Amino acid sequence: MGLIPQHFIHELLARVDIVDLIDSRVPLKKAGANYKACCPFHGEKTPSFTVSQDKQFYHCFGCGVHGNAIGFLMEYDRLEFPDAVEELAAMMGMEVPREETVSNKPKVDTTLYDIMEKAANYYQKQLKSNKSAIDYLKGRGLSGEIAKQFAIGYVPGEWRNLEAVFPKLQQDKKLQQQLVDCGLMIRKDNSLYDRFRDRIMFPIKDKRGRVIAFGGRVMGQGEPKYLNSPETPIFHKSNELYGLYQARQANRKLSRLLIVEGYMDVVALAQFGINYAVATLGTATTASHLQQLFRATRELVLCFDGDRAGRDAALRAIEHGLQQMREGREIRLMFLPDGEDPDSMVRKVGKEQFEEMIGKATPLFEFILEHLSAQVDLGSVSGRGQLVHLAKPYLDKITDPIYHEFFSSALAEKAKLSESKLAAIIETPSQSQPARKPLQSKPQNNKTNKTLQLAITLLLQKPSLALTIQNYDWLLTLPDKGSKLLHQLLEIIHKTPKINTSLLLEHWRDNTKLYDRLASLAMTEREERIQGQEQQELQDCVNRLLLHARKIRVDYLQQKAAEHGLTNQEKSEYRQLLLLAKQGSNGNSANK
């Protein structure tokens, strides 16, 4: 299926009224220029969930969640982006177009899904007629109902079982290749045979419930104990999670997800009524896994063995987890006693006690501090210094400013340092860094940063303000990402003069960190003195930035003149800049 064209997404968002959409699910009340309600994404008694009709945007000042109409459907109905677009388009009576993209990736053969479904049905039928397989599952404490829920099957020990599913297999070369492509058969020399034999079969489903792979488990002795489908055009194990489809089917609202290691852990927990467990497919928990899981819920509990290997796996997961953390999200870690896994543990202690263990799982940041503190002597100054240096790589990975501040505060307390001293230690540059680079532009100062932020905020909140600003390419000479972003905003608005806040932010949807930051600015309350004076404020910001850009250029030319000399063109430019400075240019030339 092709990509959804960007112009269609813009047209869709331009037609929908976010107030009507949200009000159909969460009753809203008028509050001044906006609408308010108690946030549907976290418990609260005082409404902090705000919906702006002008901006076509929502924001919760309590948990920080925000977005446009598509984002709301993704959060509230737990939909992926394309599904949310389809849902919103259906409400508006619009058909979603698809565009073919030029890509080096081969097109996916969609008939592979049909082949996998036929194989899954065959394996399920084989299970019903195989006593040893049924006895094995019963011995593991699984009922027929739970086996049906997860579509568990059995494959006999013969080498060519799939010939019974696909009678024309011997003559159909294309079908043979398809079965190899989707990992069901193996071609060796001139021979073709089944990959899976004499195993309990666990179908792996994607978010739409399509079978995309299998995990096969031996019933007795044998290696490997688990045999998984290889990477195929429809299956990429580092992106998929076993049981996520079933968890979503069983829970309209997932308050949390438990991440475990194996198929049997997921199924055994579901047998005990804990139907919110998922498993990674023989890989460590990846950033892609966490992104998918946070689309389904806001709380993740990662379950590990209590041994050294379990701790190491937890640390690897944390590497990705820190970058995914932002307000309203939570990651906790649960460690089982040595020799136990979720399957054995839930059978030993039962559902109630197992869920108590989940509830007592260690918060992510608390675990990091405990883990690092155990490696040093906190009773000594050098030990506390070591703690700070060990924690720095973790701090660097925290992108959310609130969580960064919380973790910094906890670290400072543990190291017995003031937060200001901790910040000074962490921000100290490396000794190997050069003391000075010749002809380097000066960095922005705090005053300039605030000016940039105000200009960006004003444009996000009222895009039409940009239309009076002309000739702004000089912004690209300022040595700061904020100036490049301001230039980009101006470019987008000039190309789409009627754009609103919601559509403007859509340009950064794929950059989660920046999208969240811009969304937060879009909903920031403006100072009273600015209200009604937004156009003049923006012009003042542009003027201040232009003067700063000229000063940076003058400083650069002065430094170059002293060290290397100037060209005739640079001398002329230098004289012109000095003349403008002398005249006390008020910045209006930015629009000339």
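Residues numbered from 1 in each chain as written. Predicted model: local features only at pLDDT ≥ 70, side-chain atom pairs only at ≥ 80, totals over all residues. Heavy atoms only, no water.

**Section: the overall build of the protein chain**
Part 1: Counting its secondary structure elements, the protein chain contains 23 helices and 17 strands.
Part 2: Projected onto its principal axes, the C-alpha positions of the protein chain cover 95 × 65 × 60 Å.
Part 3: Counted over contacts in the protein chain with a minimum sequence separation of 6, partners at least 24 positions apart contribute 67%.
Part 4: Carbon together with sulfur atoms contributes 49% to the accessible area of the protein chain, which is approximately 30,400 Å² in total.
Part 5: Each charge class in the protein chain was averaged separately, 80 positive and 72 negative side chains, and the resulting centres sit 3 Å apart. (Helix = DSSP H or I, 4+ residues; strand = E, 2+ residues; numbered from the N terminus. Contact = heavy atoms within 4.5 Å. Areas by Shrake-Rupley, 256 points an atom, 1.4 Å probe, with all protein chains shown as cover. Lys, Arg positive; Asp, Glu negative; His and termini not counted. Charge placed at Lys NZ, Arg CZ, Asp CG, Glu CD.)

**Re the pairing of strand S8 (residues 191-194)**
Part 1: Across four bridges, strand S7 (residues 185-188) lies against S8 in antiparallel orientation. The residue bridging Ile-186 from the neighbouring strand is Tyr-193, located in S8.
Part 2: Hairpin connection from S7 to S8: two residues lie between these consecutive antiparallel strands, with Asp-189 at a positive phi of about 55 degrees. (Pairing = 2+ DSSP bridges.)

**Focus: the packing of helix H11 (residues 287-296) against helix H12 (residues 308-324)**
Part 1: Interaxial distance between H11 and H12 falls to 9 Å at its minimum, and their mutual angle equals 45 degrees. Taken together, H11 and H12 sit at an angle that is classed as oblique. You can see that H11 and H12 cross each other, and the crossing is right-handed. Residue-level inspection shows Ala-287, Leu-290, Gln-291 and Phe-294 of H11 in contact with H12, the latter providing Ala-317, His-320, Gly-321 and Gln-324.
Part 2: Residues belonging to the contact of H11 with H12 are distributed by class as follows: four nonpolar, four polar and no charged. (Axes fitted to C-alpha atoms, helices over the stretch in contact; angles between N-to-C directions. Parallel < 35°, antiparallel > 145°, perpendicular 65-115°, else oblique. Left-handed = near helix turned anticlockwise from the far one by under 90°. Nonpolar A, V, L, I, M, F, W, Y, C, P; charged D, E, K, R; others polar.)

**Section: the environment of Arg-98**
Part 1: Note that Arg-98 resides in the loop between helix H4 (81-91) and helix H5 (111-128).
Part 2: When its relative accessible area of 29% is taken as the criterion, Arg-98 is described as partly exposed. (Buried < 20%, exposed > 50% of the residue type's maximum accessible area, 1.4 Å probe, protein only.)

**As for the confidence of the model for the protein chain**
Interpretation of this model should avoid reading the predicted coordinates in detail wherever pLDDT is low.
Part 1: Here the protein chain shows a mean pLDDT of 85. Residues at 70 or above account for 92%.
Part 2: Mean pLDDT per element in the protein chain: helix H17 (residues 419-427) is the minimum at 74, and strand S6 (residues 153-155) is the maximum at 97.
Part 3: In the model, residues 429-442 has pLDDT below 50 throughout and makes 16 contacts with residues more than four positions away in sequence or in other chains.
Part 4: In the model, residues 585-592 has pLDDT below 50 throughout and makes 20 contacts with residues more than four positions away in sequence or in other chains. (pLDDT = per-residue confidence, 0-100.)

**Brief notes about the sheet that holds strand S11 (residues 226-228)**
Part 1: Strand order in the open sheet formed by four strands is S6-S9-S10-S11, with antiparallel pairing between adjacent strands. Edge positions in the sheet fall to S6 and S11, since each of these pairs with one other strand and no more. Averaged over all pairs of adjacent strands, the angle between their axes in this sheet comes to 35 degrees, without regard to strand direction.
Part 2: Of the pairings in the sheet, the one linking strand S9 (residues 199-205) to strand S10 (residues 211-217) comprises six bridges and is antiparallel in character. Residue pairing for S10: Pro-203 is matched across the bridge by Phe-214.

**Topic: the pattern of salt bridges**
Part 1: What the rule picks out here adds up to 15 salt bridges.
Part 2: Between Glu-75 and Arg-298 there is a salt bridge whose closest N-O contact spans 3.1 Å. In this pair, Glu-75 sits in helix H3 (residues 69-76) while Arg-298 sits in the loop between H11 and strand S15 (299-305), placing the two residues 223 residues apart along the sequence. The exposure classification of Glu-75 matches that of Arg-298, with both residues buried.
Part 3: One salt bridge connects Asp-555 with Lys-551, and the closest N-O pair in it is separated by 3.1 Å. Residue Asp-555 and its partner Lys-551 are both found in helix H22 (residues 534-563); the two are separated by four residues, about one turn of the helix.
Part 4: Look at Lys-551 and you get partly exposed, because its relative accessible area is 49%.
Part 5: Within this structure, Arg-256, Glu-299, Glu-330 and Arg-332 form a network of salt bridges that share partners. (Salt bridge = Lys/Arg side-chain N within 4 Å of Asp/Glu carboxyl O.)

**Brief notes about the packing of H5 against helix H8 (residues 173-181)**
Part 1: It is at 10 Å that the axes of H5 and H8 come closest, and there the two elements cross at 80 degrees. If you check the angle between H5 and H8, you find them roughly perpendicular. Here H5 contributes Thr-111, Leu-112 and Ile-115 to the contact with H8, which in turn contributes Leu-175, Gln-178 and Leu-179.
Part 2: Grouping the amino acids of the contact of H5 with H8 by side-chain chemistry returns four nonpolar, two polar and no charged.

**Focus on helix H13 (residues 342-359)**
Turn by turn, an α-helix covers 3.6 residues, leaving residues three or four places apart pointing in a common direction.
Part 1: If you check H13, its first and last C-alpha atoms are just 15 Å apart, much less than what 18 residues at 1.5 Å a residue would give, namely 26 Å.
Part 2: Along H13, the sharpest kink reaches roughly 115 degrees, centred on Gly-350.
Part 3: Among the residues making up H13, those that are buried are Pro-342, Asp-343, Met-345, Val-346, Gly-350, Phe-354 and Ile-358.
Part 4: Those residues of H13 that are buried are in contact with strand S13 (257-260), helix H10 (263-271), S15 and strand S16 (330-336).
Part 5: For H13, the N-terminal cap is Asp-341; the gap from its side-chain oxygen to the backbone nitrogen of Asp-343 is 3.1 Å. (Expected span 1.5 Å × (residues − 1). Bend = angle between axes of the 7 residues up to and from the residue. Polar contact = N/O pair within 3.5 Å; in protein donor to acceptor, adjacent residues only side chain to side chain.)

**Things to note about H5**
Part 1: With 18 residues, H5 extends 27 Å between its outermost C-alpha atoms, agreeing within 8% with the 26 Å of an ideal straight helix rising 1.5 Å per residue.
Part 2: Taken together, the buried residues of H5 touch helix H6 (131-139), S6, H8, S9 and S10.

**A look at the sheet that holds strand S2 (residues 34-37)**
The pairing of strands in a sheet comes from backbone hydrogen bonds and takes either a parallel or an antiparallel form.
Part 1: Strand order in the open sheet formed by five strands is S1-S2-S3-S4-S5, with antiparallel pairing between adjacent strands. Two strands bound the open sheet, and with one partner strand each, they are strand S1 (29-31) and strand S5 (66-67).
Part 2: Of the strand pairs in this sheet, strand S4 (residues 57-60) and S5 are connected by two bridges, and their pairing is antiparallel. Bridge pairing in S5 links His-59 to His-66.

**Focus on the environment of Gln-291**
Part 1: Of note, Gln-291 is situated in helix H11.
Part 2: The partly exposed category is assigned to Gln-291, whose relative accessible area is 36%.

**Details of the nonpolar core**
Part 1: Ile-152, Leu-184, Phe-214, Tyr-242, Leu-257, Leu-258 and Phe-354 are the most contacted members of the largest nonpolar core, which totals 107 residues.
Part 2: The dominant element in this core, judged by the number of residues it contributes, is H5, at nine residues.
Part 3: Beyond its immediate sequence surroundings of up to four residues, Phe-354 is in contact with Leu-258, Leu-269, Ile-274, Met-334, Leu-336, Pro-342, Met-345, Val-346 and Val-349.
Part 4: Grouped together as the second largest cluster of nonpolar side chains are 74 residues, Ile-4, Val-19, Phe-49 and Leu-475 included. (Core = buried A, V, L, I, M, F, W, Y, C linked by side-chain atoms within 4.5 Å.)

**Description of the packing of aromatic side chains**
Part 1: Counted according to the given criterion, the structure contains 20 aromatic pairs.
Part 2: Ring centres of Phe-41 and Phe-49 lie 6.3 Å apart, and the angle between their planes is 65 degrees; this geometry places the pair in the edge-to-face category. When sorted by exposure, Phe-41 lands in the same class as Phe-49, which is buried.
Part 3: Seen from their ring centres, Phe-150 and Tyr-242 are 6.1 Å apart, and the 35 degrees between their planes marks the pair as tilted. Here Tyr-242 lies in strand S12 (residues 241-242) and Phe-150 lies in the loop between helix H7 (144-149) and S6, a separation of 92 residues in the sequence.
Part 4: In this structure Phe-150 comes out as buried when scored by relative accessible area, which is 3%.
Part 5: By way of ring pairs, the aromatic residues Phe-41, Phe-49, Tyr-58, Phe-72 and Tyr-76 are connected into one cluster.
Part 6: Stacked on the ring of Trp-159, the Lys or Arg Arg-197 has its end atom at 3.8 Å from the ring centre.
Part 7: The residue whose ring lies beneath Arg-210 is Tyr-113, and the NZ or CZ to ring-centre distance is 3.9 Å. (Phe/Tyr/Trp six-rings, centres within 6.5 Å; stacked < 30°, edge-to-face > 60°. Lys NZ or Arg CZ within 6 Å of the ring centre and 35° of its normal.)

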